[in-house]
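Structural overview
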Amino acid sequence: MRSKLIEAATNARKNAYAIYSNFHVGAAVETSSGKIFQGCNVENASYGLTICAERTALVSAIAAGENTFTHLVVATENGVSPCGACRQVIWELCGDIPITLVDETGACQETSASKLLPHAFGQQDLDS
Ligand code: THU
């Protein structure tokens with residue numbers, strides 16, 4: 001399943017709408033029911049409206065009625081980590097899931113939501 005997810009993220013990257021940065025990102029998230037949802041970054045002339053690949057994939061899965069996630073893969077040219085905003089959203093929707101970062105050569109780096117966002121602010125902090 002891991003290789004299928006890597007392939008899905010790598011393929012999604014080809015759909016990136018990144019005409020401003022030319023930095024193409026793909027993501028794929030696996031649900032506990034075994035489904036895969038893909039995402040890519042979608043930029044805008046009003047730069048701040050850009051949506052990252054990770055959030056595109058997660059929002060797509062949520063919209064399809066899925067809410068339990070088991071693994072996220074992010075594909076970029078150089079295997080970089082998700083941005084801060086995406087880390088917060090990943091934590092919110094996925095909790096501490098494994099995350100694989102893959103580069104253009106197929107080289108992978110394994111990490112996790114809690115490693116990328118230690119001491120995260122979340123739902124538990126709103127309970128009193
Ligand atoms: N980008 C992502 O899609 N995910 C990230 O985690 C980092 C940044 C996108 C946003 C923008 O389209 C481009 O990469 C350059 O920042």
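See the structure printed just above.
Let me begin by describing the structure that accompanies this report. (Residues numbered from 1 in each chain as written. Predicted model: local features only at pLDDT ≥ 70, side-chain atom pairs only at ≥ 80, totals over all residues. Heavy atoms only, no water.)

Moving on: the site of the ligand. Residues in contact with the ligand, as listed here, are S21, F23, V25, N41, E43, T50, C52, A53, E54, P82 and C83. Between the ligand and the protein, one listed contact pairs an oxygen atom with a side-chain N or O atom of N41 at 2.9 Å. A distance of 2.8 Å is found between an oxygen atom of the ligand and a backbone nitrogen or oxygen belonging to C83. (Near = heavy atom within 4 Å. Polar contact = N/O pair within 3.5 Å; in protein donor to acceptor, adjacent residues only side chain to side chain.)

What follows covers the sheet that holds strand β3 (residues 69–75). Reading across from one edge, β2-β1-β3-β4-β5 is the order of the five strands in this open sheet, with mixed pairing throughout. Taken across any chain shown, the strands that pair with only one partner, and hence form the sheet edges, are β2 (36–40) and β5 (108–112). Adjacent strand axes in the sheet meet at a mean angle of 20°, parallel and antiparallel pairs treated alike. Here β3 pairs with strand β4 (residues 98–102) via four bridges, running parallel. Note that in β4 the partner of A75 across the bridge is V102. (Pairing = 2+ DSSP bridges. Helix = DSSP H or I, 4+ residues; strand = E, 2+ residues; numbered from the N terminus. Axes fitted to C-alpha atoms, helices over the stretch in contact; angles between N-to-C directions.)

Throughout the structure, instances matching the rule amount to three salt bridges. Linking E110 and R2 is a salt bridge whose minimum nitrogen-to-oxygen distance equals 2.3 Å. A residue pair is termed long-range when its members are at least 10 positions apart, and E110 in strand β5 and R2 in helix α1 (residues 2–13) qualify at 108 residues. Given the relative accessible area of 39%, R2 is considered partly exposed. Here K35 ties to E66 by a salt bridge, and the two come within 2.9 Å at their closest N and O atoms. Highlighted residues: K35 in the loop between β1 (26–31) and β2 and E66 in the loop between α2 (53–63) and β3, separated in sequence by 31 residues. (Salt bridge = Lys/Arg side-chain N within 4 Å of Asp/Glu carboxyl O. Buried < 20%, exposed > 50% of the residue type's maximum accessible area, 1.4 Å probe, protein only.)

In summary, the side chains of a regular strand alternate between the two faces of the sheet. In this sheet, β5 lies alongside β4 in antiparallel orientation, the contact comprising five bridges. Looking across to β5, one finds that I99 is bridged to T111. Counting the residues in the hairpin turn of β4 and β5 gives five residues, including G106, whose phi is positive at 95°.

Following the criterion strictly, the structure yields one aromatic pair and no others. Arranged with centres 5.7 Å apart and planes meeting at 55°, the rings of Y20 and Y47 form a pair that is tilted. Taken together, the positions of Y20 in the loop between α1 and β1 and Y47 in the loop between β2 and α2 put the pair 27 residues apart, joining distant regions of the chain. Residue Y20 is classed as partly exposed on the basis of its relative accessible area of 39%. With relative accessibility at 60%, the residue Y47 sits in the exposed group. (Phe/Tyr/Trp six-rings, centres within 6.5 Å; stacked < 30°, edge-to-face > 60°.)

To continue, consider the packing of α2 against helix α3 (residues 84–94). The contact between α2 and α3 brings their axes to 10 Å, and the two run at 25°. Looking at the two axes, α2 sits roughly parallel to α3. The handedness of the crossing between α2 and α3 comes out as left-handed. The segment α2 lies against α3, with E54, R55, L58 and I62 engaging A85, C86, V89, I90, L93 and C94. Residue composition of the contact of α2 with α3, grouped by class: eight nonpolar, no polar and two charged. (Parallel < 35°, antiparallel > 145°, perpendicular 65-115°, else oblique. Left-handed = near helix turned anticlockwise from the far one by under 90°. Contact = heavy atoms within 4.5 Å. Nonpolar A, V, L, I, M, F, W, Y, C, P; charged D, E, K, R; others polar.)

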